[in-house]
Amino acid sequence: MRAHDSATAPSPIAVSTSPTTGTDRAAKVPAGTGTVLAALGVIAFSLTFPATAWGLEGFGPWSLVAVRCVLAAVIAGSCLLALRVPVPDRRHWTGLAVVAGGVVVGFPLLTTLALQTSTTSHAAVVVGLLPLTTAALSALRTGIRPSRTFWTAALAGAGAVLAFTVQQSGGAVTTADLYLLAALLVCAAGYTEGGRLARVMPGWQVIAWALVLCLPLSVPAAALALSYDAPHLTAHSVAGLLWVAAGSQFLGLVVWYRGMAAIGVPKASQLQLAQPLLTLVWSVLLLGEHLTPAAPLTAAAVLVCIAVTQRARS
(Lines give C-alpha, C1' and ligand atoms only; values in the text may rest on other atoms or scores of the structure.)
Protein backbone atom coordinates (compact mmCIF):
# COMPACT_ATOMS: atom_id res chain seq x y z
CA MET A 1 0.00 0.00 0.00
CA ARG A 2 1.53 5.69 -1.75
CA ALA A 3 3.52 6.06 -1.79
CA HIS A 4 0.27 2.86 -2.27
CA ASP A 5 1.04 -1.13 -0.66
CA SER A 6 1.06 -1.88 -0.38
CA ALA A 7 -2.47 -2.90 0.18
CA THR A 8 -4.39 0.31 -0.36
CA ALA A 9 -3.74 3.12 -3.05
CA PRO A 10 -2.09 6.36 -2.02
CA SER A 11 -4.58 9.04 -1.23
CA PRO A 12 -4.57 11.51 -4.11
CA ILE A 13 -5.13 14.31 -1.62
CA ALA A 14 -1.54 14.10 -0.51
CA VAL A 15 0.02 14.15 -3.98
CA SER A 16 0.75 17.09 -6.18
CA THR A 17 0.59 16.78 -9.95
CA SER A 18 2.16 20.10 -10.82
CA PRO A 19 5.05 20.19 -13.32
CA THR A 20 7.49 20.43 -10.44
CA THR A 21 6.72 16.95 -9.16
CA GLY A 22 9.09 15.28 -11.58
CA THR A 23 6.25 13.44 -13.33
CA ASP A 24 6.41 15.49 -16.53
CA ARG A 25 7.04 12.45 -18.70
CA ALA A 26 4.04 10.63 -17.23
CA ALA A 27 1.86 13.66 -18.01
CA LYS A 28 2.45 13.01 -21.75
CA VAL A 29 0.53 9.74 -21.52
CA PRO A 30 -2.80 10.05 -23.44
CA ALA A 31 -5.83 10.58 -21.19
CA GLY A 32 -7.41 7.28 -22.19
CA THR A 33 -4.24 5.37 -21.41
CA GLY A 34 -3.86 7.28 -18.16
CA THR A 35 -7.33 6.19 -17.04
CA VAL A 36 -6.46 2.57 -17.77
CA LEU A 37 -3.18 2.84 -15.85
CA ALA A 38 -4.83 4.45 -12.82
CA ALA A 39 -7.56 1.79 -12.85
CA LEU A 40 -4.92 -0.94 -12.96
CA GLY A 41 -3.30 0.61 -9.90
CA VAL A 42 -6.58 0.56 -7.98
CA ILE A 43 -7.17 -3.07 -8.97
CA ALA A 44 -3.65 -3.98 -7.82
CA PHE A 45 -4.21 -2.39 -4.41
CA SER A 46 -7.65 -3.94 -4.01
CA LEU A 47 -6.07 -7.40 -4.28
CA THR A 48 -3.63 -6.78 -1.44
CA PHE A 49 -5.73 -8.20 1.40
CA PRO A 50 -6.84 -11.36 -0.44
CA ALA A 51 -3.22 -11.95 -1.54
CA THR A 52 -2.06 -11.47 2.05
CA ALA A 53 -4.63 -14.02 3.22
CA TRP A 54 -3.26 -16.46 0.63
CA GLY A 55 0.30 -15.76 1.77
CA LEU A 56 -0.61 -16.54 5.37
CA GLU A 57 -1.56 -20.06 4.29
CA GLY A 58 2.15 -20.88 4.02
CA PHE A 59 4.03 -18.09 5.81
CA GLY A 60 3.94 -16.65 9.28
CA PRO A 61 3.03 -12.96 9.50
CA TRP A 62 6.57 -11.83 10.27
CA SER A 63 8.25 -13.89 7.56
CA LEU A 64 5.60 -12.89 5.00
CA VAL A 65 6.14 -9.18 5.60
CA ALA A 66 9.94 -9.43 5.74
CA VAL A 67 10.26 -11.50 2.56
CA ARG A 68 7.73 -9.22 0.87
CA CYS A 69 9.89 -6.19 1.67
CA VAL A 70 13.06 -7.88 0.40
CA LEU A 71 11.51 -8.98 -2.90
CA ALA A 72 9.92 -5.58 -3.53
CA ALA A 73 13.22 -3.84 -2.71
CA VAL A 74 15.11 -6.05 -5.17
CA ILE A 75 12.63 -5.14 -7.91
CA ALA A 76 12.72 -1.44 -7.02
CA GLY A 77 16.51 -1.37 -6.71
CA SER A 78 16.89 -3.07 -10.07
CA CYS A 79 14.70 -0.41 -11.69
CA LEU A 80 16.67 2.38 -10.03
CA LEU A 81 19.96 0.89 -11.25
CA ALA A 82 18.68 0.18 -14.76
CA LEU A 83 17.44 3.76 -15.15
CA ARG A 84 20.53 5.19 -13.42
CA VAL A 85 18.44 7.22 -11.02
CA PRO A 86 20.65 9.45 -8.87
CA VAL A 87 20.60 9.07 -5.10
CA PRO A 88 18.23 11.61 -3.45
CA ASP A 89 19.66 14.58 -1.59
CA ARG A 90 20.45 14.00 2.05
CA ARG A 91 17.66 16.34 3.14
CA HIS A 92 15.07 13.93 1.68
CA TRP A 93 16.14 10.83 3.60
CA THR A 94 14.20 11.72 6.75
CA GLY A 95 11.02 11.91 4.73
CA LEU A 96 11.87 8.66 2.97
CA ALA A 97 12.33 7.04 6.38
CA VAL A 98 8.79 8.11 7.32
CA VAL A 99 7.48 6.62 4.07
CA ALA A 100 9.41 3.41 4.74
CA GLY A 101 8.13 3.15 8.30
CA GLY A 102 4.52 3.76 7.33
CA VAL A 103 4.09 2.23 3.87
CA VAL A 104 6.84 -0.37 3.56
CA VAL A 105 6.88 -1.78 7.10
CA GLY A 106 4.07 -0.47 9.30
CA PHE A 107 1.00 -0.93 7.12
CA PRO A 108 1.94 -4.36 5.70
CA LEU A 109 2.93 -5.71 9.13
CA LEU A 110 -0.09 -4.40 11.04
CA THR A 111 -2.61 -5.49 8.41
CA THR A 112 -0.97 -8.90 8.11
CA LEU A 113 -1.21 -9.38 11.88
CA ALA A 114 -4.85 -8.29 11.72
CA LEU A 115 -5.67 -10.71 8.91
CA GLN A 116 -4.65 -13.65 11.08
CA THR A 117 -7.99 -13.31 12.87
CA SER A 118 -9.97 -10.85 10.73
CA THR A 119 -11.66 -11.47 7.40
CA THR A 120 -10.49 -9.51 4.37
CA SER A 121 -13.97 -8.03 3.94
CA HIS A 122 -13.92 -6.68 7.50
CA ALA A 123 -10.42 -5.27 7.03
CA ALA A 124 -11.40 -3.68 3.71
CA VAL A 125 -14.22 -1.73 5.33
CA VAL A 126 -12.05 -0.48 8.20
CA VAL A 127 -9.14 0.48 5.95
CA GLY A 128 -11.61 2.20 3.62
CA LEU A 129 -11.04 5.16 5.94
CA LEU A 130 -7.46 5.54 4.68
CA PRO A 131 -8.20 8.42 2.23
CA LEU A 132 -9.98 10.34 4.99
CA THR A 133 -7.20 9.66 7.50
CA THR A 134 -4.60 10.74 4.97
CA ALA A 135 -6.55 13.91 4.21
CA ALA A 136 -6.75 14.80 7.91
CA LEU A 137 -3.03 14.21 8.52
CA SER A 138 -2.19 16.09 5.34
CA ALA A 139 -4.21 19.07 6.56
CA LEU A 140 -2.32 19.03 9.87
CA ARG A 141 1.03 18.60 8.10
CA THR A 142 0.50 21.40 5.58
CA GLY A 143 -1.50 23.76 7.76
CA ILE A 144 -4.39 23.81 5.27
CA ARG A 145 -7.77 24.22 6.94
CA PRO A 146 -10.49 22.23 5.16
CA SER A 147 -14.09 23.36 5.30
CA ARG A 148 -16.65 22.28 7.87
CA THR A 149 -18.27 20.15 5.18
CA PHE A 150 -15.04 18.23 4.82
CA TRP A 151 -14.70 17.53 8.53
CA THR A 152 -18.38 16.65 8.88
CA ALA A 153 -18.10 14.07 6.10
CA ALA A 154 -14.80 12.76 7.50
CA LEU A 155 -16.30 12.29 10.97
CA ALA A 156 -19.39 10.67 9.49
CA GLY A 157 -17.22 8.17 7.62
CA ALA A 158 -15.21 7.43 10.75
CA GLY A 159 -18.41 6.98 12.74
CA ALA A 160 -19.80 4.53 10.17
CA VAL A 161 -16.66 2.41 10.30
CA LEU A 162 -16.53 2.52 14.09
CA ALA A 163 -20.15 1.41 14.34
CA PHE A 164 -19.49 -1.39 11.84
CA THR A 165 -16.40 -2.52 13.77
CA VAL A 166 -18.18 -2.64 17.12
CA GLN A 167 -21.24 -4.35 15.62
CA GLN A 168 -19.14 -7.02 13.89
CA SER A 169 -17.07 -7.61 17.03
CA GLY A 170 -20.07 -8.19 19.27
CA GLY A 171 -19.90 -4.86 21.07
CA ALA A 172 -16.14 -4.70 21.62
CA VAL A 173 -13.09 -3.69 19.61
CA THR A 174 -10.84 -6.70 18.93
CA THR A 175 -7.06 -6.89 18.72
CA ALA A 176 -7.36 -7.16 14.94
CA ASP A 177 -9.34 -3.91 14.87
CA LEU A 178 -6.61 -2.18 16.88
CA TYR A 179 -4.02 -3.41 14.39
CA LEU A 180 -6.12 -2.05 11.52
CA LEU A 181 -6.64 1.34 13.17
CA ALA A 182 -2.91 1.62 13.87
CA ALA A 183 -2.25 0.65 10.25
CA LEU A 184 -4.46 3.53 9.12
CA LEU A 185 -2.44 6.04 11.10
CA VAL A 186 1.05 4.89 10.08
CA CYS A 187 0.09 4.46 6.42
CA ALA A 188 -1.58 7.87 6.28
CA ALA A 189 1.60 9.39 7.72
CA GLY A 190 3.65 7.62 5.06
CA TYR A 191 1.31 8.74 2.29
CA THR A 192 1.35 12.33 3.52
CA GLU A 193 5.14 12.45 3.61
CA GLY A 194 5.32 10.65 0.28
CA GLY A 195 3.04 13.27 -1.23
CA ARG A 196 5.38 15.98 -0.02
CA LEU A 197 8.40 14.22 -1.54
CA ALA A 198 6.52 13.65 -4.80
CA ARG A 199 6.77 17.39 -5.39
CA VAL A 200 10.53 17.04 -5.90
CA MET A 201 10.90 13.53 -7.37
CA PRO A 202 8.71 11.10 -9.33
CA GLY A 203 6.30 9.24 -7.08
CA TRP A 204 7.57 5.78 -8.05
CA GLN A 205 11.07 6.80 -6.97
CA VAL A 206 9.74 7.76 -3.54
CA ILE A 207 8.51 4.23 -2.85
CA ALA A 208 11.52 2.68 -4.61
CA TRP A 209 14.04 4.50 -2.41
CA ALA A 210 11.93 3.79 0.69
CA LEU A 211 12.08 0.09 -0.14
CA VAL A 212 15.84 0.20 -0.69
CA LEU A 213 16.25 2.10 2.57
CA CYS A 214 14.65 -0.83 4.41
CA LEU A 215 17.00 -3.47 2.97
CA PRO A 216 19.55 -3.36 5.86
CA LEU A 217 16.65 -4.28 8.19
CA SER A 218 14.44 -6.42 5.96
CA VAL A 219 17.18 -8.86 4.86
CA PRO A 220 18.25 -9.96 8.39
CA ALA A 221 14.60 -9.82 9.50
CA ALA A 222 13.63 -12.19 6.68
CA ALA A 223 16.48 -14.58 7.50
CA LEU A 224 15.58 -14.59 11.20
CA ALA A 225 11.84 -14.98 10.61
CA LEU A 226 12.32 -17.83 8.15
CA SER A 227 14.67 -19.64 10.53
CA TYR A 228 12.06 -19.61 13.30
CA ASP A 229 8.99 -20.06 11.11
CA ALA A 230 9.76 -22.29 8.14
CA PRO A 231 7.26 -21.70 5.32
CA HIS A 232 4.96 -24.38 3.96
CA LEU A 233 4.88 -23.47 0.30
CA THR A 234 1.63 -23.88 -1.57
CA ALA A 235 0.39 -22.43 -4.83
CA HIS A 236 -1.71 -19.92 -2.89
CA SER A 237 1.04 -18.86 -0.50
CA VAL A 238 3.59 -18.34 -3.29
CA ALA A 239 1.11 -16.46 -5.48
CA GLY A 240 0.07 -14.30 -2.53
CA LEU A 241 3.67 -13.47 -1.64
CA LEU A 242 4.60 -12.58 -5.21
CA TRP A 243 1.55 -10.37 -5.61
CA VAL A 244 1.99 -8.35 -2.41
CA ALA A 245 5.70 -7.92 -3.18
CA ALA A 246 5.63 -7.12 -6.89
CA GLY A 247 2.04 -6.04 -7.50
CA SER A 248 0.92 -4.21 -4.37
CA GLN A 249 4.22 -2.90 -3.05
CA PHE A 250 5.79 -1.63 -6.26
CA LEU A 251 4.26 -2.17 -9.73
CA GLY A 252 0.80 -1.05 -8.64
CA LEU A 253 2.28 2.21 -7.42
CA VAL A 254 4.13 2.75 -10.70
CA VAL A 255 1.01 2.53 -12.88
CA TRP A 256 -1.04 4.48 -10.32
CA TYR A 257 1.33 7.44 -10.32
CA ARG A 258 1.69 7.46 -14.10
CA GLY A 259 -2.06 7.28 -14.57
CA MET A 260 -2.73 9.97 -11.99
CA ALA A 261 -0.20 12.30 -13.61
CA ALA A 262 -1.90 11.82 -16.98
CA ILE A 263 -5.55 12.34 -15.99
CA GLY A 264 -5.15 14.51 -12.89
CA VAL A 265 -6.02 14.08 -9.23
CA PRO A 266 -9.82 14.65 -9.46
CA LYS A 267 -10.44 11.94 -12.06
CA ALA A 268 -8.01 9.50 -10.47
CA SER A 269 -9.60 9.97 -7.06
CA GLN A 270 -12.97 8.87 -8.45
CA LEU A 271 -11.40 5.57 -9.49
CA GLN A 272 -9.80 5.11 -6.09
CA LEU A 273 -13.16 5.30 -4.36
CA ALA A 274 -13.99 1.86 -5.75
CA GLN A 275 -11.10 0.14 -3.98
CA PRO A 276 -12.86 -1.03 -0.77
CA LEU A 277 -15.81 -2.35 -2.76
CA LEU A 278 -13.45 -4.18 -5.14
CA THR A 279 -11.74 -5.83 -2.18
CA LEU A 280 -15.13 -7.07 -0.97
CA VAL A 281 -15.68 -8.64 -4.39
CA TRP A 282 -12.27 -10.34 -4.34
CA SER A 283 -12.89 -11.64 -0.82
CA VAL A 284 -15.95 -13.47 -2.10
CA LEU A 285 -14.51 -14.69 -5.42
CA LEU A 286 -11.01 -15.66 -4.25
CA LEU A 287 -11.51 -16.56 -0.60
CA GLY A 288 -15.12 -17.70 -0.54
CA GLU A 289 -16.04 -15.30 2.28
CA HIS A 290 -19.69 -14.62 3.02
CA LEU A 291 -20.47 -10.94 3.39
CA THR A 292 -22.86 -9.66 6.00
CA PRO A 293 -25.24 -6.95 4.75
CA ALA A 294 -23.39 -4.44 6.95
CA ALA A 295 -20.10 -4.78 5.03
CA PRO A 296 -21.14 -3.45 1.58
CA LEU A 297 -23.51 -0.91 3.16
CA THR A 298 -20.74 0.51 5.35
CA ALA A 299 -18.28 0.51 2.43
CA ALA A 300 -20.81 2.41 0.33
CA ALA A 301 -21.37 4.91 3.15
CA VAL A 302 -17.63 5.51 3.43
CA LEU A 303 -17.44 5.93 -0.34
CA VAL A 304 -20.09 8.67 -0.19
CA CYS A 305 -18.27 10.41 2.65
CA ILE A 306 -14.98 10.34 0.75
CA ALA A 307 -16.69 11.74 -2.34
CA VAL A 308 -18.06 14.60 -0.25
CA THR A 309 -14.61 15.36 1.19
CA GLN A 310 -13.13 15.38 -2.32
CA ARG A 311 -15.69 17.94 -3.45
CA ALA A 312 -15.37 19.99 -0.27
CA ARG A 313 -11.58 20.24 -0.58
CA SER A 314 -11.77 21.23 -4.24
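Residues numbered from 1 in each chain as written. Predicted model: local features only at pLDDT ≥ 70, side-chain atom pairs only at ≥ 80, totals over all residues. Heavy atoms only, no water.

1. Observations concerning the overall build of the protein
Here is step 1: Along its length, the protein carries 14 helices and 0 strands.
Here is step 2: Its helices and strands taken in sequence order, the protein reads α-α-α-α-α-α-α-α-α-α-α-α-α-α from the N to the C terminus.
Here is step 3: The proportion of buried residues among the 314 residues of the protein is 54%.
Here is step 4: Surface summary for the protein: the accessible area is close to 13,300 Å², and the carbon and sulfur share equals 68%. (Helix = DSSP H or I, 4+ residues; strand = E, 2+ residues; numbered from the N terminus. Buried < 20%, exposed > 50% of the residue type's maximum accessible area, 1.4 Å probe, protein only. Areas by Shrake-Rupley, 256 points an atom, 1.4 Å probe, with all protein chains shown as cover.)

2. Notes on the packing of helix α6 (residues 120-127) against helix α9 (residues 175-197)
Here is step 1: Following both chains from N to C, one finds α6 and α9 inclined at 40°, their axes separated by 10 Å at the closest point. Between α6 and α9, the angle falls in the class oblique. The handedness of the crossing between α6 and α9 comes out as right-handed. Counted together, His122, Ala123, Val126 and Val127 of α6 and Asp177, Leu180, Leu181 and Leu184 of α9 form the full contact between these two elements.
Here is step 2: Grouping the amino acids of the contact of α6 with α9 by side-chain chemistry returns 6 nonpolar, 1 polar and 1 charged. (Axes fitted to C-alpha atoms, helices over the stretch in contact; angles between N-to-C directions. Parallel < 35°, antiparallel > 145°, perpendicular 65-115°, else oblique. Left-handed = near helix turned anticlockwise from the far one by under 90°. Contact = heavy atoms within 4.5 Å. Nonpolar A, V, L, I, M, F, W, Y, C, P; charged D, E, K, R; others polar.)

3. Points about the nonpolar core
Here is step 1: By size, the foremost hydrophobic cluster in this structure holds 54 residues, and its most contacted members are Val104, Val127, Leu130, Ile207, Leu211 and Phe250.
Here is step 2: Counting residues per element, this core draws most heavily on helix α5 (residues 93-114), at 10 residues.
Here is step 3: In contact with Leu211, not counting residues within four places along its chain, are Cys69, Ala72, Ala73, Ala76, Val104, Gln249 and Phe250.
Here is step 4: With 7 residues, the next largest nonpolar core counts Phe59, Leu64, Val67 and Val70 among its residues. (Core = buried A, V, L, I, M, F, W, Y, C linked by side-chain atoms within 4.5 Å.)

4. A few points about unusual backbone geometry
Here is step 1: With a phi close to 55°, Arg84 is a non-glycine residue in the positive phi region.
Here is step 2: Position of Arg84 among the secondary structure elements: in the loop between α4 (61-82) and α5.

5. Some points on the packing of aromatic side chains
Here is step 1: What the rule picks out here adds up to 3 aromatic pairs.
Here is step 2: Summarising the aromatic geometry, the rings of Phe49 and Phe107 are spaced 6.4 Å apart at their centres and angled 20° between planes, so their arrangement reads as stacked. Highlighted residues: Phe49 in helix α3 (residues 48-55) and Phe107 in helix α5, separated in sequence by 58 residues.
Here is step 3: A centroid spacing of 6.4 Å and a plane angle of 75° characterise the contact between Trp204 and Phe250, whose relative ring orientation is edge-to-face. Placement of Trp204 in helix α10 (residues 203-228) and of Phe250 in helix α11 (residues 235-263) is noted, with a sequence separation of 46 residues between them. Assigned by exposure class, Trp204 and Phe250 land together as buried. (Phe/Tyr/Trp six-rings, centres within 6.5 Å; stacked < 30°, edge-to-face > 60°.)

6. Description of the environment of Leu113
Here is step 1: Structurally, the position occupied by Leu113 is in helix α5.
Here is step 2: Residue Leu113 is classed as buried on the basis of its relative accessible area of 11%.
Here is step 3: Taking the C-alpha atoms as reference points, Leu113 and Tyr179, separated by 66 residues in sequence, lie 7.1 Å from one another.
Here is step 4: Once residues lying within four places of it in the same chain are set aside, the contact partners of Leu113 are Pro61, Trp62 and Tyr179.

7. A look at a nonpolar patch on the surface
Here is step 1: A cluster of nonpolar side chains, contributed by Val281, Val284, Leu285, Leu286 and Leu291, occupies part of the molecular surface with about 390 Å² of accessible area.
Here is step 2: The residue Leu285 is located in helix α13 (residues 275-287) in this model. (Patch = residues over 30% accessible without salt bridge, like charges linked within 9 Å, V, L, I, M, F, W, Y side chains within 5 Å. Salt bridge = Lys/Arg side-chain N within 4 Å of Asp/Glu carboxyl O.)

8. Observations concerning the pattern of salt bridges
Here is step 1: What the rule picks out here adds up to 1 salt bridge.
Here is step 2: Where Arg91 meets Asp89, a salt bridge forms, and the shortest distance between an N and an O atom there is 2.8 Å.

9. Some words on the packing of α5 against α10
Here is step 1: At their nearest, the axes of α5 and α10 sit 8 Å apart, and the two run at 80° to each other. Viewed along their axes, α5 and α10 adopt a mutual orientation that is roughly perpendicular. Between α5 and α10, the contacting residues are Trp93, Leu96, Ala97, Val99, Ala100, Val103, Val104 and Val105 on the first element and Val206, Ile207, Trp209, Ala210, Leu211, Leu213 and Cys214 on the second.
Here is step 2: Its residues assigned to classes, the contact of α5 with α10 shows 15 nonpolar, no polar and no charged.

10. Some details on the state of the cysteines
Here is step 1: The full count for this structure, using the stated rule, is 0 disulfides.
Here is step 2: Considering cysteine sulfurs only, Cys214 is the nearest to Cys69, which forms no disulfide, with 6.1 Å between them.
Here is step 3: Judged by relative accessible area, which is 4%, Cys69 ranks as buried. (Disulfide = S-S within 2.5 Å.)

11. Considerations on the side chain of Gln249
Here is step 1: On the secondary structure map, Gln249 appears in helix α11.
Here is step 2: When its relative accessible area of 0% is taken as the criterion, Gln249 is described as buried.

12. Topic: the environment of Ala114
Here is step 1: Relative to the elements of secondary structure, Ala114 occurs in helix α5.
Here is step 2: For Ala114 and Leu178, which are 64 residues apart along the polypeptide, the C-alpha to C-alpha distance reads 8.2 Å.

13. Brief notes about the confidence of the model for the protein
Here is step 1: In the predicted model, the protein carries a mean pLDDT of 81, and 83% of its residues have values of at least 70.
Here is step 2: Segment residues 1-27: pLDDT under 50, and 125 contacts once partners within four positions in sequence are set aside and those in other chains are kept. (pLDDT = per-residue confidence, 0-100.)

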